[in-house]
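Topology and contacts: notes
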Amino acid sequence: MSECGCEIEGAGAAERRLLVVLLAINAVMIGVEGVFGLVADSAGLLADSLDTLADVTVYGIALAAVGGAPERKSRAALLSGYFQIALGSLMAAEVLRRLVGASEPQSFWMVAVGVIALA
């Protein structure tokens, strides 16, 4: 085993590249699902858009923490958890709003965007 730590640096660089790719793919899907969630009046698409936003945020935080000290990684994980809770609370409020004020989602757009997300 090498004592220079080169293999750790290489692994960190590979993790960063992977996180950047995941960040970009998910960032595009936030917009697609968010826009069509509004167009289709679909709480499901909006929820998936927020879930994707949470993923992007977690990937971004992880990207900042890769290769950092354990304390930094721990703070990043805690921040990610708080963000997930906040987005979940927002979506719960949206579902309650739709429950009180009836809405009629458009299934065509829901299925179309679902197929795109699946791809």
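You'll find the structure just up there.
Residues numbered from 1 in each chain as written. Predicted model: local features only at pLDDT ≥ 70, side-chain atom pairs only at ≥ 80, totals over all residues. Heavy atoms only, no water.

**Side note on a nonpolar patch on the surface**
- Residues Leu78, Tyr82 and Ile85 make up a contiguous nonpolar surface patch of roughly 350 Å² in combined accessible area.
- Turning to its location among the elements, isoleucine 85 is positioned in helix α3 (residues 70-100).
- Judged by its relative accessible area of 58%, isoleucine 85 is exposed. (Patch = residues over 30% accessible without salt bridge, like charges linked within 9 Å, V, L, I, M, F, W, Y side chains within 5 Å. Areas by Shrake-Rupley, 256 points an atom, 1.4 Å probe, with all protein chains shown as cover. Salt bridge = Lys/Arg side-chain N within 4 Å of Asp/Glu carboxyl O. Helix = DSSP H or I, 4+ residues; strand = E, 2+ residues; numbered from the N terminus. Buried < 20%, exposed > 50% of the residue type's maximum accessible area, 1.4 Å probe, protein only.)

**Observations concerning the packing of aromatic side chains**
- Scanning the model with the defined rule gives 2 aromatic pairs in all.
- Ring centres 5.0 Å apart and planes at 75° place the aromatic pair phenylalanine 108 and tryptophan 109 in the edge-to-face group.
- Residue phenylalanine 108 is classed as exposed on the basis of its relative accessible area, which comes to 57%.
- One aromatic cluster is present, formed by Phe36, Phe108 and Trp109 through successive ring pairs. (Phe/Tyr/Trp six-rings, centres within 6.5 Å; stacked < 30°, edge-to-face > 60°.)

**Overview of the pattern of salt bridges**
- Counted under the stated rule, the structure contains 1 salt bridge.
- With a closest N to O distance of 2.8 Å, arginine 97 and glutamate 94 form a salt bridge. Of this pair, arginine 97 and glutamate 94 are both found in helix α3, 3 residues apart, which corresponds to roughly one turn of the helix.

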